[in-house]
Amino acid sequence: MSTLTPVLSAHWDESDSFTIAGYKRHGGYEAAAKALKMEPDAVIQLVKDSGLRGRGGAGFPTGMKWGFIPQGDNKDHYLVVNADESEPGTCKDMPLLLANPHVLIEGMIIASYAIRAKYAFIYLRGEVVHVARRLQQAIEDAYKAGHLGKNIFGSGVDLELVLHIGAGAYICGEETALLDSLEGFRGQPRLRPPFPAIAGLYARPTVVNNVESIASVPAIIANGAEWFSAMGTEKSKGMTLYSLSGHVVNPGQFEAPLGITLRQLLELSGGIRPGHQLKFWTPGGSSTPIFTADHLDTPLDYEGVSAAGSMLGTKALQIFDETTCVLRAVLRWSEFYKHESCGKCTPCREGTTWLVQILRDLENGKGTAADLDKLLDLCDNIMGRSFCALGDGATSPITSSIKFFRDEYIAHVTHGGCPFDSHASTLFATERAGA
Amino acid sequence: MSTEVVDMITVIIDGFEVTVPKGTMVIRAAEKLGIQIPRFCDHPLLDPVGACRQCLVDIEINGRAFPKPQASCTIPVEPGMIVKTQLTSAVAAKAQEGVMELLLINHPLDCPVCDKGGECPLQNQAMSTGRSESRFEGTKRTFEKPVKISAQVLLDRERCILCARCTRFSDQIAADPFITLNERGALQQVGIYEKQPFESYFSGNTVQICPVGALTGASYRFHARPFDLVSTPSACEHCASGCSLRTDVRRGKTLRRLAGDDAEVNEEWNCDKGRWAFKYVTAGDRITHPLVRGEDGELHEASWPEALAAAANGLGANRSAVLVGGRVTVEDAYGYSKFARVALNTNDIDFRSRVSSDEERDFLAAKVVGSSTTYRDIDRADAVLLVGFEPEEESPIVFLRIHKQVRKRSLKVTAVASKLSRGNEKLNANFLCVAPGAEADAVTAESLTAQSIILVGERASESAGLLSAVAALADRTGAKLAWIPRRSGERGALEAGAIGNLLPGGRPVSDASARVDVSTVWGADALPTTVGLSACAIIEAVNAGQIGSLVVAGVDPLDGENHHQTLAALKKAFVVSLEIRPSAVTALADVVLPVAAVTEKSGSFLNWEGRARHFEAAVVDSLNRSDVRILSMIADEMNRPIGIPTVKAASKELASLSTWDGARAKFAAAKPAKSISVSGNDALLTSWRRLLDEGTLQQGEENLAATARKSVAVISPKRAASIGVVDGDAVRVSNDNGVIVMPVLVENIHDDALWLPRNSRGSHLLATFGVASGARVTVVKD
Amino acid sequence: MAYTDRDIATMDTIINRYPRKRSAIMPLLHFVQAHDGFVTGEGIELVAKKLELETAEVSAVATFYTQYKRKPVGEYHVGVCTNTLCAIMGGDEILAGLKEHLGLENDGVTADGKVSLEHLECNAACDYAPVVMANWEFYDNQNVQSAKDLVDSMRAGNPIPPTRGPNSLPTWKENSAVLAGINDGRAGEGVQAGDPSLLGLKIAKKGSKA
Ligand SMILES: Cc1cc2nc3c(=O)[nH]c(=O)nc-3n(C[C@H](O)[C@H](O)[C@H](O)COP(=O)(O)O)c2cc1C
Ligand code: SF4
Ligand code: FES
């Protein structure tokens, strides 16, 4: 028996899965019609009962977030879907939107109804034009079908839905930076409080949710809270998309109940590429401290990963085998954080710059063993001191890799540079087996 | 007054209790205890950002500790809060030290050649909170430097620590977001859009609040070190806003002026004119010796006794009058007021050396003198009505104050004018567009709450009946009323009685008991009883041979209408001129007496609120004397002593006169003028003076002048279409007296109107046309 | 190039999508790139005018985001992902190979204006590593040779179609218009999903291991 539970991905193998016809063939938009006959508060309650937690990284309970929106305040409310997907290793929302944009739209209809929003936005990262096309077309088709616009589903409810396309800035995935960007400013994070639920877009109550979180909602409405909460673990309910990439025989998307382990996923998918061993991996993108082979049996749910010293994050499982230089990997991530630091706060802006300089020196054999302590102290001065979590994330690969691979850093010092053959870790170094 | 109840909250900081109003940020609560938490981006008048992370402290609330240090500039106090700063928490101390180290890795540490060296928050705090040596061994960021972001502000990006004070100021306070943060991450930097320099009237404030030497003023750059300067608190002489300033002098020369800190008035800001226009004082053409016109018809240097004797002789010979400009101090104005009554035995005195009317004089006596509307009233107002007044151009701190409320609570602003100004656009003002001359009807049609405030400018006198309509509106609605003249001395001169219908303290000349009050203090037998002539009438009387001599001080004949008549009168009369630099009056004067400039003397101005703005001499070794001192000497020479030989004596005596508590002069409403209709290429002139123009007090400061708004002639789209011009085309504006050719700008202006700036490059309206507003001119394509 | 009345009308349509004007700044800047190829001064000034902003406010936004270009890029803008996973899986070698092959540095443009080259951060396609993007279309599972073939096909004026995208590769300007929110009618082209996206589903359906 497979432990996989395709729900969101159930029909991706049909060639018209992204069309409204393809979506409706499997009951598409029926959940929305059903939800619009319920009381909005009952919809919120149902989502609360399901135990759905945000799939954007932090795992905040979705129903509770919706419940924070003040009701009867006579203000405009907004729903904003975070489709910025830029955390390194994370690659689940884009294939989802390419293969089935309508499930997101249906989820947005339900969520907007629940929080009494008449305007909803999708903030899509800008570097994925074909996803933009599919979404834009899906929105237009949903309008034509009467599922968006005035009096949707004949319910008397109105909803405008706008696709807003970014222009290359990882920080815009951070929800307050996203809101500033959507308002037409530089995408730099805002002070909190006030939280978006009180003063979000245009200073009005706003819910920001990840694509996968919202896309999970129609199935919950259709099948009920119990169906959903029967999957997963005690505090991490439901199914989710795990993205496997790197030195594995078969990279790809795996929809499974929360709590599955990497060992199980590797077994299902064909394992590490032949002749090689797992060296280190990320459980949830580059901002989550790395794991090693010792963590193969860690349950991949919020509690399990956290107890093991990392974070479930975006469930982006990037797998690296023994050919990979950990310092090279970490330097690349650090360069990424430096490139993507928004520039607002000192620790992140200056700290990432300095981290990169030290790591580069180490990679080139120009460092010393004392540099490792300097790196760790610098990370200590950035972690928890920066304005938003980007700065914190920048320190995770460094501190966790020094914890597990201090000797390998030292080897760069003693070896006078990188002791690895970088070609050995490429995809084309050896033929991929299986597939 | 409303009694606002403020919740107070008690917190413990480093073991000490402090009680502060709810909403106070931790960093400021600590200040109350004398605990200084280091900071850069924090500024009490800007929205908090928490960007620099220098102010991190440890906080727990009701036993629950925050997992990480918090930015004390963004966290408001809460009940049960216990704060540990760097003084008592190792975590906070390490966090601050870590941030400081990071701030310095890309800073050039070029303090020895930096203007800010010696008064630099970064330098100071690096000493107190930083590590003794940096562990940074890499390469620092470098930029091309300095970048001229306007003619007067230079940006050194390497020194910038990206606190965003300057950009927040320009956006939040000045509403001129011409400087912004650009690029991202480590490349982030302050900048302008290449074709739009930082030409904000308030740009100098960014230089002052920059916590490092990244922004410097072109005029001060490399000129001095802070420890060479002697600083004196002073008051700004440029307008009626009444900013408190600090004047920094080295060896008798003013090198810079900074905004002073006065929460009631200018908060911590000032405008660029107040900051940078001070070189007129040290201009090469200062009058340094008395001059007397000789038999040969030329002015010759004379000794003080000679000159005083000549003045006394000339003034004693026949009926005299006094014309004093709007820029003298209260004490000096009082000197002129008393000199007229006691030494010259006349009420013929007027401080309004500009376009003015008798309606205005009545209005001032009935509605303005002794009144006290304040900046705080703007803070509390339901709505603000602007009449004949452009706050940004004519009293910039009033603009900032209104804007603050517009931003904070969407204060409703309505402007009665013929053209929508940029300032009013920034205030989001409701623009009541009227034809020049038709303002009174619009005011009459307005409705206001009693909590509203009407701000009326001196230009309201240019439209007959307008001040009457304003007075009626205030009476009808109970709204507060304030008169805001452009010049710093007008309100003081009014209170000092330098006007024909009032004695000092707002006492009506026509009121016998008022006269008795004053004559008692003055020890004079009797005071002249007839109400004096106003400025225009004085000129007419000279030209009609009824007045033979004039005392003239700080008056530019070209500031008024019909300057040909004024010049004729000056030629005809015996003129004693008190001046700091040669003017059109000097050329026609018989005796010229040099007086001290503002920085060289003590004294006070009354700002538009009627609030005294006292200042001491900043340049102490000046030989120049205050006007009141010289007037006393002339009076002595005339044997009609006025007995106020010093500024102090004048001030004391004026204070002893206190404010009149008798009946105010009655206000007799004037009728609006008949509206003029125009057709074809005729238009009605409308105009005002901009903050930066060709005013004499701005001379000598080229960098400042280069940031002035360009002169343009403004017409409506309809008129532009009818005469066939587009933006930038030249138009020819003319009347019987002259012609002005000017590039045109098509904007939101009444179709019947044409706007030109006064006293600006290429547009000397009053000199060319002899009229200011409301008169007919012809506009055609040039 | 001057903006026609039709361009202005398009800009107005974009602005009208939003409850507040200023929100349209990003799509309008994409539109400027669709029109001019990059963010020109003329474009900044026009956007400022349309949105009633100061030009500095527009350039502050334009310079924040990596996709807005300050100078012309090629008709085909090629990006090689060199974030950790792709770099290690071969992205570094692909980038080096293309630089050498095209004789370009990072951010360079070929003399004929056909191809420009940039290294990219993660493009949310890690299960297809190493990934190359052209005009922001996916070219999955690349190697040095396939990437060289790709740019050669571009220079020959007949680019190889994307892996998961439309049936032929649109130009930089055409795709910028899509990012401005203008539907080019090509959403139906190309696969609905690539193999890695379907892997879990396939395994689940088989009810057994791969
Ligand atoms: C630097 C940074 C980048 C982020 N990027 C994303 C992203 O690309 N997509 C996303 O959904 N959430 C991202 N997040 C998390 C969001 O801030 C937010 O928590 C999330 O969108 C909430 O949705 P959820 O409750 O449905 O998870 C990011 C957070 C940080 C700090
Ligand atoms: S220029 Fe000065 S005020 Fe502006 S951000 Fe830089 S350091 Fe701060
Ligand atoms: S403030 Fe910019 S990354 Fe946190």
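Calculation rules
Residues numbered from 1 in each chain as written. Chains lettered and ligands numbered in written order. Predicted model: local features only at pLDDT ≥ 70, side-chain atom pairs only at ≥ 80, totals over all residues. Heavy atoms only, no water. UniProt positions renumbered as here; feature names shortened; annotations may be inferred. Pairing = 2+ DSSP bridges. Helix = DSSP H or I, 4+ residues; strand = E, 2+ residues; numbered from the N terminus. Axes fitted to C-alpha atoms, helices over the stretch in contact; angles between N-to-C directions. Contact = heavy atoms within 4.5 Å. Near = heavy atom within 4 Å. Nonpolar A, V, L, I, M, F, W, Y, C, P; charged D, E, K, R; others polar. Buried area = accessible area lost by both parts, 1.4 Å probe. Salt bridge = Lys/Arg side-chain N within 4 Å of Asp/Glu carboxyl O. Polar contact = N/O pair within 3.5 Å; in protein donor to acceptor, adjacent residues only side chain to side chain. Areas by Shrake-Rupley, 256 points an atom, 1.4 Å probe, with all protein chains shown as cover. Expected span 1.5 Å × (residues − 1). Buried < 20%, exposed > 50% of the residue type's maximum accessible area, 1.4 Å probe, protein only. Right-handed = clockwise from strand over helix to strand, strands pointing away. Domains from an automatic or database assignment. Left-handed = near helix turned anticlockwise from the far one by under 90°. Phe/Tyr/Trp six-rings, centres within 6.5 Å; stacked < 30°, edge-to-face > 60°. Lys NZ or Arg CZ within 6 Å of the ring centre and 35° of its normal.

Comment text from UniProt for chain B, heading Sequence similarities (unreviewed entry), reads "Belongs to the complex I 75 kDa subunit family."

The UniProt entry for chain A carries the following comment under Sequence similarities (unreviewed entry): "Belongs to the complex I 51 kDa subunit family." Here chain A is described in UniProt, under the heading Catalytic activity (unreviewed entry), as follows: "a quinone + NADH + 5 H(+)(in) = a quinol + NAD(+) + 4 H(+)(out)".

Caption draft 1: Broad picture of the sheet that holds strand S22 (residues 453-457) of chain B. Residues and elements named next belong to chain B. With parallel pairing, the five strands of this open sheet are ordered in space as S21-S20-S19-S22-S23. With one partner strand each, in any of the chains shown, strand S21 (430-433) and strand S23 (480-484) form the two edges of the open sheet. Neighbour-to-neighbour, the strand axes of this sheet turn through a mean angle of 20°, independent of strand direction. Examined bridge by bridge, strand S20 (residues 412-417) and S21 share four bridges and lie parallel to one another. By the bridge assignment, Ala 415 is partnered in S21 with Phe 431. Taken strand by strand, helix H15 (residues 466-477) contacts strand S19 (383-387), S22 and S23, and its axis lies near 165° from that of S22.

Caption draft 2: Representation of the site of ligand 2 in the model. Within the structure, ligand 2 sits among 13 residues, and Cys 160, Cys 163, Ala 164, Cys 166 and Cys 210 of chain B are positioned closest to it. Here the shell around ligand 2 is built from residues that sort into twelve nonpolar, no polar and one charged.

Caption draft 3: Seen up close, the interface of chain C and chain A. Contact with chain C, which involves 77 residues of that partner, is made by 90 residues of chain A. Overall, the association of chain C and chain A removes approximately 6600 Å² of surface from exposure, summing both partners, and the carbon and sulfur fraction of that is 59%. Of all residues in chain C, Phe 64, Ile 88 and Gln 192 of chain C give up the largest surface area on contact with chain A, accounting jointly for 12% of the area buried on that side. Our count for the chain C to chain A interface comes out at five salt bridges. With its nearest N and O atoms 2.9 Å apart, the salt bridge here joins Arg 133 of chain A to Asp 184 of chain C. Across the chain C-chain A interface, the total number found is 40 residue pairs in polar contact (both at pLDDT 80 or more). Of all the secondary-structure elements, those providing two or more residues to the side of chain C that touches chain A are helix H2 (25-36), helix H4 (55-62), helix H5 (84-102), strand S4 (137-139), helix H7 (172-179) and helix H8 (195-206) of chain C. Among the residues forming the side of chain C that touches chain A, the class breakdown is 39 nonpolar, 24 polar and 14 charged.

Caption draft 4: A look at the site of ligand 1. Residue and element names in this part refer to chain A. The environment of ligand 1 is formed by 18 residues, the closest being Gly 56, Lys 65, Asn 209, Asn 210 and Ser 213. In this structure, a nitrogen atom belonging to ligand 1 sits 3.2 Å away from a main-chain N or O atom of Gly 173. At a separation of 2.6 Å, an oxygen atom of ligand 1 approaches a polar side-chain atom of Ser 213. Look at ligand 1: alone it shows 610 Å² of surface, and the protein chains cover 89% of it. Ranked by residue count, the leading element in the shell around ligand 1 is strand S5 (residues 206-210), at three residues. Its residues assigned to classes, the shell around ligand 1 shows four nonpolar, eight polar and six charged.

Caption draft 5: Quick peek at helix H6 (residues 144-155) of chain C. All names here are of chain C. Between the first and last C-alpha of H6 there are 17 Å, a value that for twelve residues agrees with the 16 Å anticipated at 1.5 Å per step. All of the buried residues along H6 are Ala 147, Lys 148, Leu 150, Val 151, Ser 153 and Met 154. Its buried side turned inward, H6 meets strand S1 (76-81), H5, strand S2 (115-120), strand S3 (132-134) and S4. By the N-cap criterion, in which a side-chain oxygen at the helix start approaches the backbone nitrogen of a residue two or three places on, H6 is capped by Asn 143, the distance to Gln 145 being 3.1 Å. Positioned one or two residues after H6, Gly 157 has a phi angle of 80°, which is positive.

Caption draft 6: Up close: the interface of chain B and chain A. Between chain B and chain A, the residue contacts involve 35 residues of the former and 30 residues of the latter. Carbon and sulfur atoms make up 49% of the surface buried where chain B meets chain A, a total of about 2700 Å² over both sides. Of all residues in chain B, the largest losses of buried area upon contact with chain A belong to Leu 102, Arg 135 and Arg 184 of chain B, amounting jointly to 27% of the total for that side. Our count for the chain B to chain A interface comes out at seven salt bridges. Here Asp 380 of chain A ties to Lys 94 of chain B by a salt bridge, and the two come within 2.7 Å at their closest N and O atoms. Counting every contact that joins chain B to chain A gives 22 residue pairs in polar contact (both at pLDDT 80 or more).

Caption draft 7: Quick look at the pairing of S1 of chain C. All names here are of chain C. Among the six residues that make up S1, six are buried, leaving the element largely enclosed by the rest of the structure. Taking every second residue as pointing to the same face, both faces of S1 are buried, with Tyr 76, Val 78 and Val 80 on one and His 77, Gly 79 and Cys 81 on the other. After leaving S1, the chain enters H5 and then returns to the sheet as S2, a path that is right-handed. Examined bridge by bridge, S1 and S3 share three bridges and lie antiparallel to one another. From the neighbouring strand, Val 80 faces S3, where its bridge partner is Val 132.

Caption draft 8: Local environment of the UniProt feature "domain: 4Fe-4S His(Cys)3-ligated-type" (unreviewed entry) in chain B. Summarizing the sequence annotation, UniProt attributes the feature "domain: 4Fe-4S His(Cys)3-ligated-type" (unreviewed entry) to residues 91-130 of chain B in the numbering used throughout. Overall, residues 91-130 of chain B shows 60% helix and 0% strand. The separation of its end C-alpha atoms is 14 Å.

Caption draft 9: Geometry of the pattern of salt bridges. All names here are of chain B. Counted according to the given criterion, the structure contains 98 salt bridges over all chains. We note a salt bridge from Asp 156 to Lys 145, for which the minimum N-O separation is 3.7 Å. Pair noted here: Asp 156 is in the loop between strand S8 (153-155) and helix H4 (165-173) and Lys 145 is in the loop between helix H3 (121-129) and strand S7 (147-148), with a separation of eleven residues, a long-range link. Put simply, Lys 480 and Asp 377 hold a salt bridge, and the shortest N to O gap is 3.3 Å. Within this pair, whereas Lys 480 is found in strand S23, its partner Asp 377 is found in helix H10 (residues 375-380), the two being separated by 103 residues in sequence. The partly exposed category is assigned to Lys 480, whose relative accessible area is 34%.

Caption draft 10: Quick peek at the pairing of strand S9 (residues 179-182) of chain B. Residue and element names in this part refer to chain B. Covered by surrounding structure in S9 are Ile 179 and Leu 181 together with Thr 180 and Asn 182, the residues of both alternating faces. Bridging between S9 and strand S10 (residues 189-192) involves four bridges; their strand directions are antiparallel. Bridge pairing links Ile 179 to Ile 192 in S10. Hairpin connection, S9 to S10: the antiparallel pair is bridged by six residues, and Glu 183 has positive phi, about 60°.

Caption draft 11: The arrangement of the domain arrangement of chain B in detail. Along its sequence, chain B is organised into domain 1 (8-102), domain 2 (307-354 + 490-558 + 578-656), domain 3 (370-485) and domain 4 (682-781). On a C-alpha basis, the centroid separation for the pair domain 2 of chain B and domain 4 of chain B is 35 Å.

Caption draft 12: Structural view of the UniProt feature "domain: 4Fe-4S Mo/W bis-MGD-type" (unreviewed entry) in chain B. UniProt's feature table lists "domain: 4Fe-4S Mo/W bis-MGD-type" (unreviewed entry) at residues 229-285 of chain B, given in the numbering used throughout. What you have in residues 229-285 of chain B is 9% helix and 35% strand, and the ends, taken at the C-alpha atoms, are 25 Å apart.

Caption draft 13: Representation of the side chain of Asn 347 of chain B in the model. Residues and elements named next belong to chain B. Here Asn 347 lies in the loop between helix H8 (330-343) and strand S18 (349-350). Side-chain polar atoms of Asn 347 contact the backbone oxygen of Thr 530, separated by 2.8 Å. If we skip the residues at most four places from it in the chain, Asn 347 touches Arg 341, Gly 500, Leu 503, Val 509, Pro 528, Thr 529, Thr 530, Val 531, Gly 532 and Leu 533.

Caption draft 14: Focus on the packing of H2 of chain C against helix H3 (residues 41-51) of chain C. All names here are of chain C. Relative orientation of the contacting elements H2 and H3 amounts to 145°, with a least axis distance of 10 Å. For the element pair H2 and H3, the recorded crossing hand is right-handed. For the pair H2 and H3, contact is made by Ile 25, Leu 28, Leu 29, Val 32 and Asp 36 and by Gly 43, Val 47 and Leu 51, respectively. Broken down by class, the residue content of the contact of H2 with H3 amounts to six nonpolar, one polar and one charged.

Caption draft 15: Main features of the packing of aromatic side chains. Tallied over the entire structure, the rule returns 27 aromatic pairs over all chains. Residues Phe 121 of chain A and Tyr 18 of chain C carry aromatic rings whose centres are separated by 6.1 Å and whose planes lie at 10° to one another, so their mutual orientation is stacked. Of this pair, Phe 121 of chain A sits in strand S2 (residues 119-124) while Tyr 18 of chain C sits in the loop between helix H1 (5-16) and H2, each in a different chain. Take Phe 121 of chain A and Tyr 18 of chain C: they sit in the same class, and that class is buried. Residues Tyr 65 of chain C and Tyr 68 of chain C carry aromatic rings whose centres are separated by 6.0 Å and whose planes lie at 85° to one another, so their mutual orientation is edge-to-face. On the basis of relative accessible area, Tyr 68 of chain C is assigned to the buried category, the value being 2%. Joined through ring pairs, the aromatic side chains of Tyr 78, Tyr 119, Phe 121 and Tyr 202 of chain A together with Tyr 18 of chain C make up one cluster. Its end group placed over the ring of Phe 185 of chain A, Arg 22 of chain C keeps NZ or CZ at 3.7 Å from the ring centre.

Caption draft 16: Structural detail: the sheet that holds S1 of chain C. Residue and element names in this part refer to chain C. With mixed pairing, the four strands of this open sheet are ordered in space as S2-S1-S3-S4. On the outer flanks of this sheet lie S2 and S4, each paired with one strand and no other. Going across the sheet, the axis of each strand differs from the next one's by a mean of 25°, ignoring polarity. Direction of pairing for S3 relative to S4: antiparallel, over a ladder of three bridges. Within the sheet, the bridge partner assigned to Ala 134 lies in S4 and is Glu 137.

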